[in-house]
Amino acid sequence: MKVLHLISGGDTGGAKTHVHSLLTGLKAKIQVRLVCFMEGPFAQEARELGIDTYVIPGPNFLSALGTLSRMVREEGFDLLHSHGARGNMMAALLSRRTHLPTVSTVHSDYRLDYLGRPISRLVYGNINTLALRKLHYRIGVTDSMVDLLISRHFDPERLFSIYNGLDFTHCPPAMDRNEFFRSVGLTTDEDCVVVGIAARLNPVKDISTLIRGFAQAQAQFPALRLLIAGDGEEMDSLKQLAQRLGLGGTVCFAGWVSDTNSFYQAIDINTLTSISETFPYALTEGARASLPTVSSKVGGVDRLIDHGVNGFLFPSGDHNALAAHLLTLARDPALRQTMGHRLYTKAKQFFSVEAMADHQLDIYETILRYTRKGRAQVTICGAYGRGNAGDDAILLAILTELRAIDPDLSFQVFSRNPKDTRLTYRVNAFYTFNAIQALYHFRHAKLFINGGGSLMQDVTSFRSLWFYLWTLASAKRSGCPVIMYGCGIGPIRNSQNRIKAAKVINKYVDAITLRDPDSKKELEALGVTKPQISLSADTTVILPAAPADMVDGILESCGIPPKGSYIAFVLRPWPGYEAKTRCIAAAADYAYDTYGLTPVFFPIEPRLDVSAAQRVTARMHAPYHTITDAYTAAQTIGILSRMKVAVSMRLHGLIFAAGQGVPLVGIVYDQKVGSFLSYIGQDLCEDLNSLTEERLKSLIDSAVTRGKNPAFLSESVAKLRKMEAVNRQVVEHYVKGTEE
């Protein structure tokens, strides 16, 4: 593979470091050439790093374009990779001549690159904006940069993210801790805990917030010290602020520090307080030194720092939150060590130069594969984008399964919130009830999936059933194979709806995979016989739990000790629920009093479920925890995996817990809940309308007993995953069929 990189050659700072580091890593794996359009330090440093560097000087872009065209033609480059306005413009023009695929790395918000320079912004800013639209693919230097591009309507399936990589080769510091502190003028003793920051002293770094937060923390922990390494226009004003706050000798302004290795090896806590960043090297340099880190939540920082796990995040400008996190770390040496080790481990795995180069190579190979073979489109319809963790987990599971079958598939998703779906899943999406777009995408799709959940029912609405039937018929008429995937059927109560549903499904559906036996019986009762029908399981059982340290951090941030013994209650409002809140509360108290299980009330759909939980907790005497935020599917599964028992009305609360081998108790408000539990052999359940306090206590007793039988639970999990494999077998047949 041969890749030609195009850049102006006047770049400095993070963009220069990124390109030099990237090409240094890539040149050992593939052939790369760097073309600059001016001579200078950028090109000279690249040569010193052993990078094949070529300079085409002068303002005549037509001459430069001719030189590049000959270079591509004579030397056989496979791909053009550009950086910055001039590089992007030249890549867009060169691509038209050579027909090579193009990709640009977007290092910053292109709309802000020329602030304060109106002429440059008018000329180069507009050229860059236009050129970015003309290129085939873009790479954001953080996920937040990719999100920004998606929000500006760039195709999410033509975007990639990459993070700055650092050389993690261990290099002993030139000076030990005490020697370094003496060299910069910081007075410390053995008890001191030193907070540090290495940054330019300008407004965007917001060092004033650091000083205010430090002052607040130092008043409660006098052994705290602050070392500021950097220079800039705010030096005098920041020194005056420290003086006004009475910090005296507890703050040291070290000025520009060239020996950053000794700096990071000497301090105890690394900080970043910027109001705007992409992915600063200061964080990975601190991680290389195994430093716990407190950072403002900006740019791609949260890709490295998991709040409460390997560091702390706070809203930019919030010195009170910063102070609280500094105090937490200052008072707990063991926590500093644990967080620092976790951060080092994660950074080395994902943010080294080697990892960055390997990821970039994967991106190149993906682009070339897309260019060579094209991408088949799959259109997916379901109850997505409504803020329900269960429904959105279905979409994630379907995408995960399809991408495992063919990583080059392209997707169009029906969603109530297309913007959110595009950002969350990096797929194209359109508004669920936009019939014109639906018909357009049906005509261009190779496969249509009616995806998961109980879409074929008329209890909540006749209109929703009619809509989903319309999508089945319209997709098939447009030439798509149609699959109803991991779904539940019914109840369909209206006789005319039953006739219509049977007619449409028989005529327009190719295959159906069902998540429970009752759905199969319902299809038989409807008279559906034409499609291929297979019994499977809910698609979401394939989803993994979030990493253990991330789950620990989430629980800690909710005030829940990660190692405790808990019973989950996943509740939802439903007709008749209010009358049962007293007996649910009594059962929650019973679980705590009898087994020491602290109730944790967890929402699948927070806008509904939190209030349902509050109506129960108001009647309890036992201690409890209520989680109010929405989490990703992996995080939700991880949280439920920590429970000793899960009591749930929500089907996906049961499915998520079942996949982790947690004993289940179902409160049945809909036949799908009881059917699922019976199907997997965890049949501890009771109908909502007949639920009593004693019955629920008895079910909890049985679930606790069942939890003492690991063999039973592991068999249940294995059975569930084996059932779900049917979904993949069926859809794989149709995906492969689109490629033939």
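Structure's up top.
Residues numbered from 1 in each chain as written. Predicted model: local features only at pLDDT ≥ 70, side-chain atom pairs only at ≥ 80, totals over all residues. Heavy atoms only, no water.

Chemist: Is there a simple way to think about the sheet that holds strand 9 (residues 224–229) in this case?
Modeler: What links the strands of a sheet is backbone hydrogen bonding, and the strands pair in either a parallel or an antiparallel sense. As summarised here, the arrangement of the six strands in space is 10-9-8-11-12-13, forming an open sheet in which the pairing is parallel. Each edge of the open sheet carries a strand with a single partner, namely strand 10 (251–255) and strand 13 (311–314). Sheet twist, expressed as the average angle between the axes of neighbouring strands with direction ignored, equals 20°. In this structure, strand 11 (residues 269–272) lies alongside strand 12 (residues 293–296), joined through three bridges in parallel fashion. The residue bridging Leu272 from the neighbouring strand is Ser295, located in strand 12. Where helix 8 (residues 207–220) meets the sheet, it contacts strand 8 (193–198), strand 9, strand 10, strand 11 and strand 13, and its direction lies at approximately 165° from that of strand 9. Along the sheet, helix 11 (residues 281–288) makes contact with strand 8, strand 11 and strand 12, crossing strand 11 at roughly 170°. (Pairing = 2+ DSSP bridges. Helix = DSSP H or I, 4+ residues; strand = E, 2+ residues; numbered from the N terminus. Axes fitted to C-alpha atoms, helices over the stretch in contact; angles between N-to-C directions. Contact = heavy atoms within 4.5 Å.)

Chemist: Which parts of the structure should I look at to understand unusual backbone geometry?
Modeler: Residues other than glycine predominantly adopt negative phi, and peptide bonds predominantly adopt the trans conformation. Along the chain, Gly490 connects to Pro491 via a cis peptide bond; the corresponding omega equals 0°. Notably, Ser290 is not glycine yet its phi reads approximately 60°, a positive angle. If you trace the backbone, Ser290 turns up in the loop between helix 11 and strand 12.

Chemist: Just to check I follow, could you spell out helix 2 (residues 41–48) for this structure?
Modeler: An α-helix turns once every 3.6 residues. As a result, residues three or four positions apart point the same way. Within the span of helix 2, buried status applies to Phe42, Ala43 and Ala46. Here the buried residues of helix 2 occupy an arc of 95° about the axis, which is enough to place them on one side. Opposite the buried face of helix 2, by more than 90 degrees, sit the exposed residues Pro41 and Glu48. Once helix 2 finishes, Gly50 follows within two positions and takes phi at roughly 85°, a positive value. (Buried < 20%, exposed > 50% of the residue type's maximum accessible area, 1.4 Å probe, protein only. Arc of directions from axis to C-beta.)

Chemist: When you look at the packing of aromatic side chains in this model, what are you seeing that I'm missing?
Modeler: Given two aromatic rings, one states the distance between the centres and the angle between the planes to describe the pair. Taken as a whole, this structure holds 21 aromatic pairs when the rule is applied. With a centroid separation of 5.5 Å and 75° between ring planes, the pair formed by Tyr163 and Phe351 is classed as edge-to-face. With Tyr163 in the loop between strand 7 (159–161) and helix 7 (177–184) and Phe351 in the loop between helix 14 (333–350) and helix 15 (353–373), the pair connects residues that are 188 residues apart, well separated along the chain. Looking at Phe351, the relative accessible area reads 2%, which means it is buried. Through pairs of rings, three or more aromatic residues link up here, namely Phe414, Phe430, Tyr431, Phe433, Phe442, Phe448, Phe467, Tyr468 and Trp470. The aromatic ring of Phe77 is capped on one face by Lys2, whose charged end is 4.9 Å from the ring centroid. (Phe/Tyr/Trp six-rings, centres within 6.5 Å; stacked < 30°, edge-to-face > 60°. Lys NZ or Arg CZ within 6 Å of the ring centre and 35° of its normal.)

Chemist: I keep staring at the side chain of Arg422 and nothing clicks. Help me out?
Modeler: Relative to the helices and strands, Arg422 is located in helix 17 (residues 418–425). One buried charge, Arg422, has no salt-bridge partner; the nearest side chain with opposite charge is Asp155, at 8.4 Å. Residues contacting Arg422, with those up to four places away along its chain left out, are Ile150, Pro156, Val427, Asn428 and Ala429. (Lys, Arg positive; Asp, Glu negative; His and termini not counted. Salt bridge = Lys/Arg side-chain N within 4 Å of Asp/Glu carboxyl O.)

Chemist: Any chance you could explain the pattern of salt bridges here in plain terms?
Modeler: Note that side chains of opposite charge can pair when their charged atoms are close. Going through the model one piece at a time under the given rule, you end up with 26 salt bridges. Of the charged contacts, one joins Arg33 and Glu75 as a salt bridge, the two residues approaching to 2.8 Å between their closest N and O atoms. Within this pair, whereas Arg33 is found in strand 2 (residues 31–36), its partner Glu75 is found in helix 3 (residues 61–75), the two being separated by 42 residues in sequence. A salt bridge links Glu522 to Arg498, with the nearest nitrogen and oxygen atoms 2.8 Å apart. Of the two residues, Glu522 sits in helix 21 (residues 517–526) while Arg498 sits in helix 20 (residues 495–508), which places them 24 residues apart along the sequence. With relative accessibility at 14%, the residue Glu522 sits in the buried group.

Chemist: Mind showing me how you'd approach the side chain of Ser82 here?
Modeler: Topologically, Ser82 is positioned in strand 4 (residues 79–83). We classify Ser82 as buried; its relative accessible area is 0%. One polar contact links Ser82 to Asn88, side chain to side chain, over a distance of 2.7 Å. Residues within four places of Ser82 in sequence aside, it is in contact with Leu6, Gly87, Asn88, Ala91, Val103, Ser104, Thr105 and Leu135. (Polar contact = N/O pair within 3.5 Å; in protein donor to acceptor, adjacent residues only side chain to side chain.)

Chemist: Help me understand the sheet that holds strand 1 (residues 2–7) in this model?
Modeler: With respect to topology, seven strands assemble into an open sheet ordered 3-2-1-4-5-6-7, the strand pairing being parallel. Only two strands of the sheet have a single partner each, and these edge strands are strand 3 (53–55) and strand 7. Here the strands of the sheet are splayed against their neighbours by 25° on average, with no regard to which way each runs. Relative to strand 6 (residues 137–140), strand 5 (residues 102–106) runs parallel, the two being bridged by four bridges. Its bridge partner lying in strand 6, Ser104 is registered against Arg138. On top of the sheet, helix 6 (residues 143–151) reaches strand 5, strand 6 and strand 7; it is set at about 160° to strand 7, its chief contact.

Chemist: Would you mind going over the environment of Gln457 with me for this structure?
Modeler: By the secondary structure assignment, Gln457 is in the loop between strand 17 (447–456) and helix 19 (462–477). By relative accessible area, Gln457 is classed as buried at 10%. Sequence-wise, Gln457 and Val668 are 211 residues apart; in three dimensions their C-alpha atoms are separated by 17 Å. Those residues in contact with Gln457 that sit more than four places away from it in its chain are Ser464, Leu465, Gly490, Pro491 and Ile492. In this structure the side chain of Gln457 is engaged in a polar contact, spanning 2.8 Å, whose partner is the backbone nitrogen of Val459.

Read these as geometric descriptors, not functional statements.
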